[in-house]
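Listed below, chain by chain, are the residues.
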Amino acid sequence: MLLPAAASAQWYLFPGKRQASDSTAVAGKVLVPVDAENADASLSGGMQADSVFRVTLILPFRSGATPSSNFLDFYCGVLMAADDLCSSDKQYEISVFDSTLGLPSSWEISDSDLIIGPVSCEDMQTIIPRARGKYIVSPLDPKVASLTSEFNVIQAPSGWEAQVDELVLWIGEDLRAGDTVVLLQSAEDAGGEMTERLARKLSEAGIKYEIGSDPAMKEGTTSATCRFILASDNDSFCSASVRSIALMNLRGGSNILYGTSKLRSLPDLEVESIHAASARIAASYYADPSDSSVRLFNERYKTLFKGEPGQWVYQGYDLMNYFGGTLRYAGGDWPQKIASCPGKGLQADFRFGAAGKANSAVRRLKYNSDNTITVVQQMIWKE
């Protein structure tokens, strides 16, 4: 959990102290970075209180059993972001809690400037009253989005709704005269939440569409492009539809498939079919290996940890870099500022509406016939 001694910054992990009556446990407290020469002065209160931002990180590390490698990776990403954000006059003190051993009490988070976690919706509902009005960043669980309207909860990952909305915008930009738009759904998907939202958004955008269940029924019916939108929670139906469109294109057809990030995780679908189907996917997460920032981060991570970073490292880094950076810029008003501060991360972007509660940023991924992926549009960070 610690950066090696060869790192450019020194990292110190301290045992947390709790009241005997509190059965929960603290994984540790980290002050980053601490210059080796001035470590004693920093730890003894040599810095002014307003020069330290206090961050609480609540994750299910499972430190009482086999530790979770995913959340340890997430933690490493958070530490690297904190290191990047630190300067000679601004530092970040990170209090780390293992939610599998218990959630922090009110007094333990009373001086927090930024709270990231817990992960599950159930744990989030427990921690909300303990936060006493402080804003809490939900790092992963899409279900937590239901709490944002009533409580001071910010949903960091964008959900399927944002992906659907982006797909409709994308189709509207791509649509040409003579094109056909087909909303693909199985019998069990009819009237489902996703299909209803897609149909409504298409109608609002003035895009005419048909409803079908078999892409092959449209083969040879138009000389222009047939644009299929896959709206289904049925894995088998999704896989069969992708393969059908891929075969139609291999036979010389002009077809394009639009879908959510679900298509990237279907267990029985080969990625070659996604490319052959000329897929356009709206995804909440994607780290572009050709992006210079991603490449530089990967090299730095490999130097520090002697391995390749994964999506959990990127997620921890992006969340801490964005929200910690907004905290540094706006201080205690950071929750009110995120609506006007979009951000671009390594694998995720951030765009909040007027309420500043739910992230709606997604990335457009174009799957090319040569098995490459092009990021068509990304958010631009505003200083």
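Residues numbered from 1 in each chain as written. Predicted model: local features only at pLDDT ≥ 70, side-chain atom pairs only at ≥ 80, totals over all residues. Heavy atoms only, no water.

Student: Hey, could you go over the packing of aromatic side chains for me, with residue numbers and the actual values?
Tutor: Inspection of the entire model under this criterion finds 15 aromatic pairs. Summarising the aromatic geometry, the rings of Phe-297 and Tyr-314 are spaced 5.8 Å apart at their centres and angled 45 degrees between planes, so their arrangement reads as tilted. Here Phe-297 is found in helix H8 (residues 292–305), whereas its partner Tyr-314 is found in helix H9 (residues 311–330), with 17 residues between them in sequence. Judged by its relative accessible area of 5%, Phe-297 is buried. (Phe/Tyr/Trp six-rings, centres within 6.5 Å; stacked < 30°, edge-to-face > 60°. Helix = DSSP H or I, 4+ residues; strand = E, 2+ residues; numbered from the N terminus. Buried < 20%, exposed > 50% of the residue type's maximum accessible area, 1.4 Å probe, protein only.)

Student: Requested: an account of helix H5 (residues 193–204), with residues and values cited.
Tutor: For H5, built from 12 residues, the straight-helix expectation of 16 Å at 1.5 Å per residue is met to within 8% by its first-to-last C-alpha distance of 17 Å. Looking at H5, one finds that the buried residues are Met-194, Thr-195, Leu-198, Ala-199 and Leu-202. Buried residues of H5, seen end-on, are gathered within an arc of 130 degrees and therefore sit on one face of the element. Opposite the buried face of H5, by more than 90 degrees, sit the exposed residues Glu-193 and Glu-204. Close packing links the buried residues of H5 with helix H4 (160–174), strand E8 (180–184), strand E10 (226–230) and strand E11 (255–260). (Expected span 1.5 Å × (residues − 1). Arc of directions from axis to C-beta. Contact = heavy atoms within 4.5 Å.)

Student: Any details on the pattern of salt bridges? Residues and values, ideally.
Tutor: All told, the structure shown has 19 salt bridges when counted by the stated rule. The partner of Arg-227 in a salt bridge is Asp-179, with the nearest N and O atoms 2.9 Å apart. Here Arg-227 is found in strand E10, whereas its partner Asp-179 is found in the loop between H4 and E8, with 48 residues between them in sequence. Comparing Arg-227 with Asp-179, the two get one shared label, buried. Among the ionic pairs, Lys-201 bridges to Glu-204, the shortest N-O distance being 3.9 Å. Taken together, the positions of Lys-201 and Glu-204, both in helix H5 and three residues apart, correspond to about one turn of that helix. Taking the relative accessible area as the measure of exposure, Glu-204 reaches 55% and is therefore exposed. (Salt bridge = Lys/Arg side-chain N within 4 Å of Asp/Glu carboxyl O.)

Student: Go over the confidence of the model for the protein with me, naming the residues and quoting the values.
Tutor: The predicted model of the protein has a mean per-residue pLDDT of 85, with 85% of residues at 70 or higher. Element-level mean pLDDT values for the protein span from 31 in strand E1 (residues 10–14) up to 98 in strand E5 (residues 114–116). This model gives residues 1–49 a pLDDT under 50, and the stretch forms 98 contacts once residues within four places in sequence are excluded. Confidence drops under a pLDDT of 50 for residues 378–383, and excluding neighbours within four residues, the segment shows 18 contacts in the predicted structure. (pLDDT = per-residue confidence, 0-100.)

Student: Quick rundown of the packing of H4 against H5? Include the residues and the values.
Tutor: The geometry of H4 relative to H5 is characterised by a closest axis approach of 10 Å and an angle of 35 degrees between their N-to-C directions. The element H4 and its partner H5 pack so that their crossing is right-handed. For the pair formed by H4 and H5, the contact residues are Trp-160, Glu-161, Val-164, Asp-165 and Val-168 on the first element and Glu-193, Met-194, Arg-197, Leu-198, Lys-201 and Leu-202 on the second. The residue makeup of the contact of H4 with H5, split by class, is six nonpolar, no polar and five charged. (Axes fitted to C-alpha atoms, helices over the stretch in contact; angles between N-to-C directions. Left-handed = near helix turned anticlockwise from the far one by under 90°. Nonpolar A, V, L, I, M, F, W, Y, C, P; charged D, E, K, R; others polar.)

Student: Help me get a handle on the nonpolar core, residues and values and all.
Tutor: One finds Tyr-92, Met-320, Phe-323 and Trp-334 to be the most contacted residues of the largest nonpolar core, which totals 45 residues. Of all the secondary structure elements, the ones that give two or more residues to this core are strand E3 (52–59), helix H2 (69–85), strand E4 (91–98), E5, H8 and H9. Residues contacting Met-320, with those up to four places away along its chain left out, are Val-55, Val-78, Ala-81, Ala-82, Leu-85, Tyr-92, Ile-116 and Gly-325. With 24 residues, the next largest nonpolar core counts Val-182, Ala-279, Ile-281 and Tyr-367 among its residues. (Core = buried A, V, L, I, M, F, W, Y, C linked by side-chain atoms within 4.5 Å.)

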